[in-house]
Amino acid sequence: MNKHMNEATITQTIETAPGTPVIAARGLDLTFQTNDGPVHALRDVSLDIAKGDFVSFIGPSGCGKTTFLRVMADLEEPTGGSVTVNGVTPAEARRARAYGYVFQAAGLYPWRTIGGNIRLPLEIMGIPRAEQAERVRRVLELVELGGFEKKFPWQLSGGMQQRASIARALSFDADILLMDEPFGALDEIVRDHLNEQLLKLWERTGKTIAFVTHSIPEAVYLSTKIVVMSPRPGRITDVIESPLPKERPLDIRDTPEFLEVAHRVREGLRAGHQDE
Amino acid sequence: MSRSLLPVLTVLAFIGVIWYAAAVALNAPWAYDKAQRAGVELTLPALVSDTWAQDKPKLPAPHQVGAELWETTVQKKVTSKRSLVYHAWITLSATLLGFVLGTGLGILLAVGIVFNRTMDMSVMPWVIASQTIPILAIAPMIIVVLNAVGISGLLPKAMISMYLSFFPVVVGMVKGLRSPDAMQLDQMRTWNASAAQTFWKLRLPASMPYFFTSLKIAMAASLVGAIVGELPTGAVAGLGARLLGGSYYGQTIQIWSALIMAAALAAALVGTIGIIQRVTLKRMGMA
Ligand SMILES: Nc1ncnc2c1ncn2[C@@H]1O[C@H](COP(=O)(O)OP(=O)(O)OP(=O)(O)O)[C@@H](O)[C@H]1O
Ligand SMILES: [Mg+2]
């Protein structure tokens, strides 16, 4: 009797545990109808992302990384399969403002100051003015842009603009951060620095992050989970759980563990290529 | 400033030389005619000084136009029917009213076109068609029809100005309101922004550079509209009336000074918009 009850309690805990996937994709399919015929952007994509995961998507151009992210964000409608975000459909999650999306370009409005840009989603969401100011200050500190609130975007470097756009995605405190090659256009030194900052930010805030990249070192350095994809049709070929510790100084990239994971990602990418 | 002054002065001097030369060439036949009837031989200096000082020359010399301008602006009371300032004001008021109406109409149509597919398909062709009709053909009709229903004076002329000036505003604002790219619109979507929020916070500010460019064209078109509107009324006042009156009586000096006045008016109006544009866009961080 006692044992039975225990089992029931355990099952229940598992269902509602923090381990329940924040994002769950099952047999996701997406075919674009174009003038040159159908383009199979995603085929049979299944993936679980747990709370607090940092998941990187890596793969050759056109393998559907952006498309997958856009499906999670309800910017694209899958033609088959299902996906849930926080246990609900992407559309409901979007309306509940469950995620912040960082695009490849910073996309700051030139007519708004950095503070004004970060305030934009808060204004749209109807957050009271006093709280807006408070949040703007907080996220600017978070991306180390304190003091730049009154500057216009053109007065900032590309890396700082990208940081401001991350601050904007953080400002309304969504638990999920979807990032599509946010550092793709930046040089390596700036990129290293931003990667380090992003890791710290992730650790501090405990957000769930889905991150698209073309760079193997970037993927390995940042992620708890690396998803390797391959094109035509876009699909997942490997999912690598990173054995690296949560604490990651930049020079972790020279350790054998790091190189081993990087090697496995490279192998995965190569295998996907040979499939064609 | 001084660096741009020299080229401007050079161009002005060049135009002056050509103008004076053209005045000699065009007015010479009449000078020879007079000389022949008087039975005198015309020397070159006499020819030149005659062609630059005729009463009703084919092409008045710049100083003649200048003198006429001085006389009709500075030396006449602005309330006088013979004051060019008075006539310019009549035209200006119709221009401004038409410009405001045309800009308003243009913005309304552009917003409709951008937000409503049916309007996009149905209104745009009419907007373009409206501009293919020669304004000189419909201006008298508008004046006559409005006169028949008891509307006369400022409003009919302003209507013609509006007719010409709404077009550049529609075209420019449609382009401006559609200028945000797919990424910016997707971004709004991720924040679950309403159509109204997207309009006020993204589309409208993004359209400002297009808006001001359209306004400049609309202002110039509006002035042309007001002048054209003054031609068929048998109008007694306005720059158009001065032009028409001048051509009835061969008063070329009067025509030219009205033309110069119209050009100065256009330059001032368009220049004012340019200044507002610079200040606004600079404040918005867009210039
Ligand atoms: N809106 C669309 N209409 C038609 N085809 C599309 C559309 N968006 C993407 N595709 C196609 O779907 C495929 C996957 O595109 P996607 O942008 O997801 O690739 P990606 O992995 O993000 O590539 P990259 O690394 O270059 O950004 C490509 O073949 C692309 O041409
Ligand atoms: Mg992409």
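Residues numbered from 1 in each chain as written. Chains lettered and ligands numbered in written order. Predicted model: local features only at pLDDT ≥ 70, side-chain atom pairs only at ≥ 80, totals over all residues. Heavy atoms only, no water.

S.K.: I'm lost on the sheet that holds strand E9 (residues 235–241) of chain A in this one. Help?
M.R.: The strands that make up a sheet pair up through hydrogen bonds in the backbone, lying either parallel or antiparallel. Residue and element names in this part refer to chain A. Spatial strand order, E5-E6-E7-E3-E8-E9: 6 strands in an open sheet with mixed pairing. Of all strands in the sheet, those bounded by a partner on one side alone are strand E5 (99–102) and E9. Mean inter-strand twist for the sheet, computed between neighbouring axes without regard to direction, equals 15°. Sheet topology places strand E3 (residues 54–58) next to strand E7 (residues 208–213); 5 bridges connect them, and they run parallel. Its bridge partner being in E7, Ile 58 is matched across the sheet by Thr 213. Packed on one face of the sheet, helix H6 (residues 158–170) meets E5 and strand E6 (176–180) and runs near 165° to E5. (Pairing = 2+ DSSP bridges. Helix = DSSP H or I, 4+ residues; strand = E, 2+ residues; numbered from the N terminus. Axes fitted to C-alpha atoms, helices over the stretch in contact; angles between N-to-C directions. Contact = heavy atoms within 4.5 Å.)

S.K.: Would you mind going over the domain arrangement of chain B with me for this structure?
M.R.: Size of an interface, as often reported, equals the accessible area lost when the parts are brought together. Residue and element names in this part refer to chain B. Per the domain assignment, the segments of chain B are domain 1 (2–59) and domain 2 (84–283). Every contact between the two is made by 7 residues of domain 1 and, on the other side, 7 residues of domain 2. Both sides of the domain 1 and domain 2 interface together cover about 470 Å² of buried area, and 60% of this is carbon and sulfur. Considering only the side of domain 1, the residues that lose the most area to domain 2 are Trp 19, Lys 56 and Pro 57, jointly responsible for 65% of the buried surface there. At the surface where domain 1 touches domain 2, the tally comes to 0 salt bridges. Counting the contacts that link domain 1 with domain 2 gives 2 residue pairs in polar contact (both at pLDDT 80 or more). (Domains from an automatic or database assignment. Buried area = accessible area lost by both parts, 1.4 Å probe. Salt bridge = Lys/Arg side-chain N within 4 Å of Asp/Glu carboxyl O. Polar contact = N/O pair within 3.5 Å; in protein donor to acceptor, adjacent residues only side chain to side chain.)

S.K.: Help me understand the interface of chain A and chain B in this model?
M.R.: Across the boundary between the two partners, chain A contributes 25 residues, which contact 19 residues of chain B. Summed over both sides, the interface between chain A and chain B buries roughly 2,100 Å², with carbon and sulfur atoms accounting for 58% of that surface. Connecting chain A to chain B are 3 salt bridges. Linking A:Glu123 and B:Lys201 is a salt bridge whose minimum nitrogen-to-oxygen distance equals 2.9 Å. Counting the contacts that link chain A with chain B gives 9 residue pairs in polar contact (both at pLDDT 80 or more). Elements supplying a minimum of two residues to the side of chain A that touches chain B: helix H3 (90–95), E5 and helix H4 (114–124) of chain A.

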